[in-house]
Amino acid sequence: MSVGYVGLGLMGKSMALNVLKAGFSVNVWNRTASKCGEVVSAGAKQYDTPAELAKHSRYVFTNLSDSADVLEVIFGKDGIAEGIQEGSIVVDNSTIKPSTAQEIAKRLWESKKVHVLDAPVSGGDIGARNGTLTIMVGGEESALTEVLPVLQAMGKSITHIGPSGAGQVCKAANQIMVAAQMVALGEILVFNEKCGVDSEKVIQAIKGGAAQCWTLDVKPERLFAGNRTPGFKSALQSKDLSIVMDSAKEFGVAMPTTAVNAQLFQSMVQHGEGELDNSAVVGVLERLNNIAIKEPKKQ
């Protein structure tokens, strides 16, 4: 079966490469055509438009920045909808609004009899490279069963959450927790610095208790070394939190803590730090406290 992949950014490129490694025939398209080079060198076929790619692909995956981009690539001029064949399956790995995912699924089914799965991912660039992503799926379960072997080339945990849009609700929930952890880590490090306590020892201690989490396992060492490169870009974290807050408003959900975290990440973007890792939100807290965290002294 031919697999089309649209969107070869930091995550998408690695995911497409893993599908190739799993033995599938892969077709690719990217708005910046030169970004297809590595995947084409590995054996993929490049197409000039999403419509042409869709015409030659049984399964079409998309991985784009936001709702508007996904809508344009699917329904715009020379978009996927122009070339997709009846009975094909579209799988969107982007993080977009749940209501947008529902709209896309409804429109493609009614116009083309094509099932759409919203299948956002978590695990960052490391998970994308290693094929160990967590994938949260909304949509028709029979479509998931058919496309599952392709998803298994990308991720180690694949969960059917519910109908169209449910995968995006799950991703929003994931981003609520991720943002909270990144802000909490930043507050911990700034708190330790202000109190004159060795952050490395504090992190080692609390990792052994109820505070243990992936963020404490992975991020402190990077920050201590002065590494604030992505990872997962803060601009995307900010965008995802905007999706959360828009959806919260749509469904009437009060989320006071997430609202504050959304403002902190928006501050990063406004400060020109959107290309930094999401753990670099510590920089906002450093500015608020007029202090800079330092690498712990080696004993």
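Note that the coordinates shown come from a computational prediction; the quantities given were computed from them, not determined experimentally.

Q: Honestly, the overall build of the protein chain in this entry has me stumped. Any pointers?
A: When helices and strands are counted, the protein chain shows 14 helices and nine strands. For a compact globule of 299 residues, the expected C-alpha radius of gyration is about 19 Å, and the protein chain comes in at 20 Å, within 12% of that figure. Its C-alpha atoms give the protein chain principal-axis dimensions of about 65 × 45 × 35 Å. Within the protein chain, the fraction of its 299 residues that count as buried is 49%. Taking all contacts inside the protein chain whose residues are at least 6 apart in sequence as the whole, residues at least 24 apart take part in 66%. Here the protein chain has roughly 13,700 Å² of accessible surface; of this, 53% comes from carbon and sulfur atoms. Of note, the protein chain has its 29 positive side-chain charges centred 3 Å away from the centre of its 31 negative side-chain charges.

Q: How should I be thinking about the domain arrangement of the protein chain in this particular structure?
A: You'll often see interface size given as the accessible area lost when the parts meet. Domain boundaries in the protein chain define domain 1 (2-163) and domain 2 (170-289). Every contact between the two is made by 14 residues of domain 1 and, on the other side, ten residues of domain 2. Carbon and sulfur atoms make up 64% of the surface buried where domain 1 meets domain 2, a total of about 1,100 Å² over both sides. The largest share of the area that domain 1 buries against domain 2 comes from Thr 95, Lys 97 and Met 136, three residues that together contribute 38% of it. Where domain 1 meets domain 2, there are zero salt bridges.

Q: Would you take a moment to explain helix α11 (residues 214-224) for this structure?
A: Since the α-helix advances by 3.6 residues per turn, residues separated by three or four positions end up pointing in the same direction. All buried positions along α11 are accounted for by Thr 215, Leu 216, Lys 219, Pro 220, Leu 223 and Phe 224. Viewed along the axis of α11, the buried residues span an arc of 125°, placing them on a single side of the element. In this structure, the buried residues of α11 make contact with α9 (166-195), α10 (199-206) and α14 (282-289). Positioned one or two residues after α11, Gly 226 has a phi angle of 80°, which is positive.

Q: Whenever I open this one, the UniProt feature "active site" (unreviewed entry) in the protein chain confuses me. Can you help?
A: Look at the UniProt record and you will see "active site" (unreviewed entry) annotated at Lys 171. Looking at the element boundaries, Lys 171 is found in helix α9. What Lys 171 contacts, discounting residues up to four positions off in sequence, is Thr 95, Pro 120, Val 121, Met 136 and Asp 240.

Q: Can you help me understand the packing of α9 against α11 in this one?
A: Two quantities define a packed helix pair, namely the angle between the axes and the distance from one axis to the other. Where α9 contacts α11, the two axes come as close as 11 Å, and the packing angle between them is 50°. Taken together, the axis directions place α9 and α11 in an arrangement best described as oblique. Here α9 and α11 pass one another in a crossing that is right-handed. Across from Gln 181, Met 182, Leu 185 and Leu 189 in α9, the residues of α11 making contact are Trp 214, Thr 215, Leu 216, Lys 219, Pro 220, Leu 223 and Phe 224. By residue class, the composition of the contact of α9 with α11 is eight nonpolar, two polar and one charged.

Q: What am I meant to see in the pairing of strand β4 (residues 59-62) here?
A: Successive side chains on a regular strand alternate, one facing one side of the sheet and the next facing the other. Residues Tyr 59 and Phe 61 of β4 are buried on one face, and the alternating residues Val 60 and Thr 62, pointing to the opposite face, are buried as well. For β4 and strand β5 (residues 89-92), the ladder comprises four bridges, and the chain directions are parallel. From the neighbouring strand, Phe 61 faces β5, where its bridge partner is Val 91.

What counts and how
Residues numbered from 1 in each chain as written. Predicted model: local features only at pLDDT ≥ 70, side-chain atom pairs only at ≥ 80, totals over all residues. Heavy atoms only, no water. Helix = DSSP H or I, 4+ residues; strand = E, 2+ residues; numbered from the N terminus. Rg over C-alpha atoms; globule rule 2.2 N^0.38 Å. Buried < 20%, exposed > 50% of the residue type's maximum accessible area, 1.4 Å probe, protein only. Contact = heavy atoms within 4.5 Å. Areas by Shrake-Rupley, 256 points an atom, 1.4 Å probe, with all protein chains shown as cover. Lys, Arg positive; Asp, Glu negative; His and termini not counted. Charge placed at Lys NZ, Arg CZ, Asp CG, Glu CD. Domains from an automatic or database assignment. Buried area = accessible area lost by both parts, 1.4 Å probe. Salt bridge = Lys/Arg side-chain N within 4 Å of Asp/Glu carboxyl O. Arc of directions from axis to C-beta. UniProt positions renumbered as here; feature names shortened; annotations may be inferred. Axes fitted to C-alpha atoms, helices over the stretch in contact; angles between N-to-C directions. Parallel < 35°, antiparallel > 145°, perpendicular 65-115°, else oblique. Left-handed = near helix turned anticlockwise from the far one by under 90°. Nonpolar A, V, L, I, M, F, W, Y, C, P; charged D, E, K, R; others polar. Pairing = 2+ DSSP bridges.

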